Amino acid sequence: MTKPATGILGTQDRVLDGASQIAIVLGASLFVALCARVTLPLPFTPVPLTLQNFGVLLVGLSLGSRRGFAALVLYLAEGLMGMPVFSPAGPGGVAQLLGPTGGFLLAYPFVAGIAGWVFEAKNGEKTFTRAATACLLAETYLFVGGLSWLALLTHSLAQAIRFGLYWFVFAEVIKIMSAAALASGWQRFHKVQP
């Protein structure tokens, strides 16, 4: 017995949709890898200043909680396999995850998930304020994870804060505002399109 043509077309549509979702997640992981290449090592801390956090926030806001989380899990897997996706200021691979930036890196899937979840919450407009709030909450999680890891490595919370927070606050505010502006602007543009 043969399948009706509508059943075959429906299956092809699902396969194409699945393939496009995979491509979007893969592209997002590569976008974060590109952002990681823009780095500024700071002489007074082992944590470099990069655009990675901006990339993670934008991926979370743009793709939503599930696909954003998946993209950053894929990003970490790429790094663990030895692909040059992490900041070039570090050793790469597993060593990068065990080094001073490991807590930040391991938090990334959750950061993207939190940003996406807050921004996509039901019964809410996807405004700049909502996006900025999502980014702020996600960045709070990021810095709790990153500073906790640094505190374990340095055996000092004060040293962890000196290494991983003070020098980055101004840059993180810019990243939050930029990611929120791009994501909310895209939502407004997408609404206008037919």
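What comes next concerns the included structure. In this text, all values refer to a predicted model and were calculated from it rather than measured experimentally.

## A look at the overall build of the protein
- Counting its secondary structure elements, the protein contains 7 helices and 2 strands.
- Along the chain direction, N to C, the helices and strands of the protein fall in the order α-β-β-α-α-α-α-α-α.
- The C-alpha extent of the protein, read off along each of the three principal axes, is 70 × 35 × 25 Å.
- Partitioning the intrachain contacts of the protein with sequence separation of at least 6 by distance along the chain shows that 70% fall at a separation of at least 24.

## Considering the pattern of salt bridges
- Inspection of the entire model under this criterion finds 1 salt bridge.
- Here Lys175 and Glu172 are joined by a salt bridge, their closest N and O atoms 2.8 Å apart. Of this pair, Lys175 and Glu172 both sit in helix α7 (residues 169–192), 3 residues apart, which is roughly one turn of the helix.
- Overall, the relative accessible area of 5% leaves Glu172 in the buried class.

## Some thoughts on the nonpolar core
- Ranked by size, the top nonpolar core spans 48 residues in total, and within it Leu61, Leu72 and Tyr75 carry the most contacts.
- Within the residue set of this core, elements represented by two or more residues are α1 (5–37), α2 (52–80), α4 (102–119), α5 (128–154), α6 (157–164) and α7.
- Counting residues per element, this core draws most heavily on α2, at 11 residues.
- Apart from the residues within four sequence positions on either side, Leu72 is in contact with Val32, Val56, Val59, Tyr108, Pro109 and Ala112.

## A few points about the side chain of Thr101
- Position of Thr101 among the secondary structure elements: in the loop between α3 (93–98) and α4.
- Thr101 gets classed as buried once you look at its relative accessible area, which sits at 14%.
- Sequence-distant contacts of Thr101, that is, excluding residues within four places in its chain, are made with Pro46, Val47, Pro48 and Gln96.

## Quick notes on the environment of Phe128
- For Phe128, the position within the fold is in helix α5.
- The class of Phe128 is partly exposed, set by a relative accessible area of 32%.
- Remark: the alpha-carbon pair of Phe128 and Ser20, spanning 108 residues in sequence, is separated by 27 Å.
- In contact with Phe128, other than residues within four places in its own chain, are Met177, Ala180, Ala181 and Ser184.

## Considerations on a nonpolar patch on the surface
- On the surface, a cluster of nonpolar side chains totalling about 330 Å² of accessible area is made up of Phe69, Val73, Phe110 and Tyr141.
- Using a relative accessible area of 37% as the deciding quantity, one classes Val73 as partly exposed.

Cut-offs used in this document
Along every chain, residues carry numbers that run from 1 in the direction the sequence is written. The predicted nature of this model means local features are confined to residues of pLDDT at least 70 and side-chain atom pairs, given and counted, to a pLDDT of 80 or more, with totals for whole chains, interfaces and linings taken over all residues. Heavy atoms throughout the structure, all of them, feed into the side-chain values; hydrogens and water do not. Segments assigned H or I by DSSP are reported as helices when at least four residues long, segments assigned E as strands when at least two residues long, and all are numbered from the N terminus. A contact between two residues is defined here by any heavy atoms of the two lying within 4.5 Å. When a carboxyl oxygen of Asp or Glu lies within 4 Å of a side-chain nitrogen of Lys or Arg, that pair is called a salt bridge. Whether a residue is buried, partly exposed or exposed follows from its accessible area with a 1.4 Å probe, protein chains only, as a fraction of its type maximum: under 20%, in between, or over 50%, in that order. Throughout, nonpolar core names a set of buried Ala, Val, Leu, Ile, Met, Phe, Trp, Tyr and Cys residues whose side chains join them through atoms within 4.5 Å. Put simply, a patch holds well-exposed residues, over 30% relative accessible area, that have no salt bridge, with like charges counted together within 9 Å and Val, Leu, Ile, Met, Phe, Trp or Tyr side chains within 5 Å. Residue-level accessible areas treat just the shown protein chains as cover; the underlying method is Shrake-Rupley with a 1.4 Å probe.

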